[in-house]
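Each chain, letter by letter, is given below.
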Amino acid sequence: MTKILITGAGGQLGSELTDALVSKYGSDAVIASDINEQARSLFPGAIFETLDVTDHLAMKALLEKHQISQIYHLAAILSATAEKKPLLAWQINMDSLLSILELAREKKLEKVYWPSSIAVFGPNSPRTHTPQNCIQEPQTAYGISKQAGERWCNYYFQKYGVDVRSLRYPGLIGYKSLPGGGTTDYAVDIYHHAVRKTPFTCFLKEDTALPMMYMPDAIRATMELMDAPKERIKIRSSYNISSLSFTPKEIFRSILMHNPKFEITYCPDFRQEIADGWPQSIDDSDAVADWGWKPAYDLPRMTQDMLANLTLK
Ligand code: AKB
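Residues numbered from 1 in each chain as written. Predicted model: local features only at pLDDT ≥ 70, side-chain atom pairs only at ≥ 80, totals over all residues. Heavy atoms only, no water.

Colleague: Which parts of the structure should I look at to understand a negative patch on the surface?
Modeller: Among the surface-exposed residues, Glu83, Glu206, Asp207, Glu273 and Asp276 lie close enough to one another that they form a single negatively charged patch. Relative accessible area serves as the criterion here: at 34%, Glu206 is assigned to the partly exposed category. (Patch = residues over 30% accessible without salt bridge, like charges linked within 9 Å, V, L, I, M, F, W, Y side chains within 5 Å. Areas by Shrake-Rupley, 256 points an atom, 1.4 Å probe, with all protein chains shown as cover. Salt bridge = Lys/Arg side-chain N within 4 Å of Asp/Glu carboxyl O. Lys, Arg positive; Asp, Glu negative; His and termini not counted. Charge placed at Lys NZ, Arg CZ, Asp CG, Glu CD. Buried < 20%, exposed > 50% of the residue type's maximum accessible area, 1.4 Å probe, protein only.)

So this is what it looks like as structure tokens:
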């Protein structure tokens, strides 16, 4: 029987992916875990465990207790926070991944999912339509941890046959949780300000284009990748995946269509430098060819949906 452990379930991606996995596999088959005990309240009716992902023995005990067959390892420190605490970011992002890959090998788990990021690219990568394989010289602690993580995923697949799958997410935008330490988070926060009708101060310059994705597309991409037959998964580091690309000015304009009085000012901080080293758009032709990836949302549709749902909340 499929039994899934999700780490970092209380985070931006985890809180939505957990619900999707519970809908698909049932509440008995999904164990949501987070270091933050308060995340329990997000999943009424689901099984919840408090878990520090850097505690290898605790993780092992949890796998045994629940007879886990798949892990979605989402716990991580994102780019902006990682720049403030680079060693902690390395420890949390990397030690936990290695611990999970080792356990997956030892316990012959069915599958592991691990998120990578556009942060694996750097200022020397092509900025637009960034290809799957090109020069990757990340300049951030987060990017370095994701790049190294990709190499370990590929290593565990090649050497031990661990069925680990991964996507290089762009900035993710959803209404169910608040932003959590990322550089792309301005694109979540801006909608909260629009709904509260308070002016927004953007920490990036108005013309900073970044790849982004609306959460329903991100959840569907993750489930489709994990459901794809093994032989279709030809990339075992992590797949480029693409949906939207826009600047702060463009997202602001899309909000103006619904809220003409909304105001923005630009006050770039240290996150501008992070964004300047990342791609502006992504070439995801391998994901399209290998397992049929196709995004559904464009910027106007995402804006309409975000504003409608945040207003309801
Ligand atoms: C971040 O901004 O750190 C993340 C990412 C692009 O991986 N959203």
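Colleague: When you look at the sheet that holds strand β1 (residues 4-7) in this model, what are you seeing that I'm missing?
Modeller: By definition, the strands of a sheet pair up through backbone hydrogen bonds, in either a parallel or an antiparallel sense. Within the open sheet, the six strands sit side by side as β3-β2-β1-β4-β5-β7. Their pairing is parallel. Of all strands in the sheet, those bounded by a partner on one side alone are β3 (47-50) and β7 (164-165). Strand direction decides the pairing type here: β1 and strand β4 (residues 70-73), joined by four bridges, are parallel. Within the sheet, the bridge partner assigned to Ile4 lies in β4 and is Gln70. Those strands touched by helix α2 (residues 56-66) are β1, β2 (30-34), β3 and β4, and its axis lies near 160° from that of β3. Lying on the sheet, helix α7 (residues 215-227) is in contact with β4, β5 (111-113) and β7; it crosses β5 at an angle near 155°. (Pairing = 2+ DSSP bridges. Helix = DSSP H or I, 4+ residues; strand = E, 2+ residues; numbered from the N terminus. Contact = heavy atoms within 4.5 Å. Axes fitted to C-alpha atoms, helices over the stretch in contact; angles between N-to-C directions.)

Colleague: When you look at the sheet that holds strand β11 (residues 210-214) in this model, what are you seeing that I'm missing?
Modeller: Strands sit in the order β9-β11-β13 across an open sheet of three strands; the sheet is mixed. With one partner strand each, in any of the chains shown, β9 (171-173) and β13 (244-246) form the two edges of the open sheet. Averaged over neighbouring strand pairs, the angle between their axes works out to 40° when direction is ignored. Across three bridges, the pairing between β11 and β13 is antiparallel. Bridge pairing links Pro211 to Ser245 in β13.

Colleague: Explain the pairing of β11 here, please?
Modeller: Successive side chains on a regular strand alternate, one facing one side of the sheet and the next facing the other. With five of five residues buried, β11 is to be regarded as a mostly interior element. Sheet analysis places β9 next to β11, joined by three bridges and oriented parallel. Across the sheet, Ile173 pairs through a bridge with Tyr214, a residue of β11.

Colleague: Would you mind going over the state of the cysteines with me for this structure?
Modeller: What we call a disulfide is simply a covalent bond connecting the sulfur atoms of a pair of cysteines. A full pass over the atoms with the stated rule returns zero disulfides. Cys202 provides the cysteine sulfur closest to Cys267, a residue in no disulfide bond, and the two sulfurs are 9.6 Å apart. (Disulfide = S-S within 2.5 Å.)

Colleague: It is not clear to me how α2 should be interpreted in this structure. Could you clarify?
Modeller: One turn of an α-helix holds 3.6 residues; hence residues three or four places apart share an orientation. Restricting attention to buried positions, one finds in α2 the residues Met59, Leu62, Leu63 and His66. Along the long axis of α2, the arc covered by the buried residues comes to 100°, so they all point the same way. For α2, the exposed residues lying more than 90 degrees away from the buried face are Leu57 and Lys65. Buried residues in α2 make contact with β1, β2, β3, β4 and α4 (86-106). Of the residues one or two after α2, Gln67 is the one with positive phi, at around 50°. (Arc of directions from axis to C-beta.)

Colleague: Sorry if this is basic, but what is going on with the pattern of salt bridges here?
Modeller: Once their charged atoms are close, side chains differing in charge can pair, the charge on each being opposite to the other. A full pass over the atoms with the stated rule returns 13 salt bridges. We note a salt bridge from Glu49 to Lys65, for which the minimum N-O separation is 2.6 Å. With Glu49 in strand β3 and Lys65 in helix α2, the pair connects residues that are 16 residues apart, well separated along the chain. Overall, the relative accessible area of 14% leaves Glu49 in the buried class. Residue classification places Lys65 among the exposed residues on the basis of a relative accessible area of 58%. When salt bridges with common partners are traced through the structure, they connect Asp163, Arg165 and Arg236 into a single cluster.

Colleague: For this particular structure, what's the right way to read the domain arrangement of the chain?
Modeller: By the assigned domains, the chain splits into domain 1 (4-170 + 214-240) and domain 2 (173-212 + 243-280 + 297-312). In this structure, domain 1 and domain 2 have C-alpha centres spaced 25 Å apart. Contacts between the two partners involve 25 residues from domain 1, matched on the other side by 28 residues from domain 2. When domain 1 packs against domain 2, close to 2,300 Å² is buried across both sides, 58% of that on carbon and sulfur atoms. Considering only the side of domain 1, the residues that lose the most area to domain 2 are Gln12, Arg127 and Tyr214, jointly responsible for 36% of the buried surface there. (Domains from an automatic or database assignment. Buried area = accessible area lost by both parts, 1.4 Å probe.)

Colleague: Would you explain the environment of Asp298 in this entry?
Modeller: Looking at the secondary structure, you find Asp298 in the loop between α10 (285-291) and α11 (299-312). The partly exposed category is assigned to Asp298, whose relative accessible area is 40%. With 84 residues separating them in the primary sequence, Asp298 and Tyr214 have C-alpha atoms 8.5 Å apart. Of the polar contacts made by the side chain of Asp298, one reaches the backbone nitrogen of Arg301; its length is 3.0 Å. (Polar contact = N/O pair within 3.5 Å; in protein donor to acceptor, adjacent residues only side chain to side chain.)

Colleague: Any chance you could explain a nonpolar patch on the surface here in plain terms?
Modeller: Nonpolar side chains collect at one region of the surface, where Trp152, Tyr155 and Tyr160 lie side by side and expose about 280 Å² of accessible area between them. Inspection of the secondary structure assignment puts Tyr155 in helix α5 (residues 141-160).

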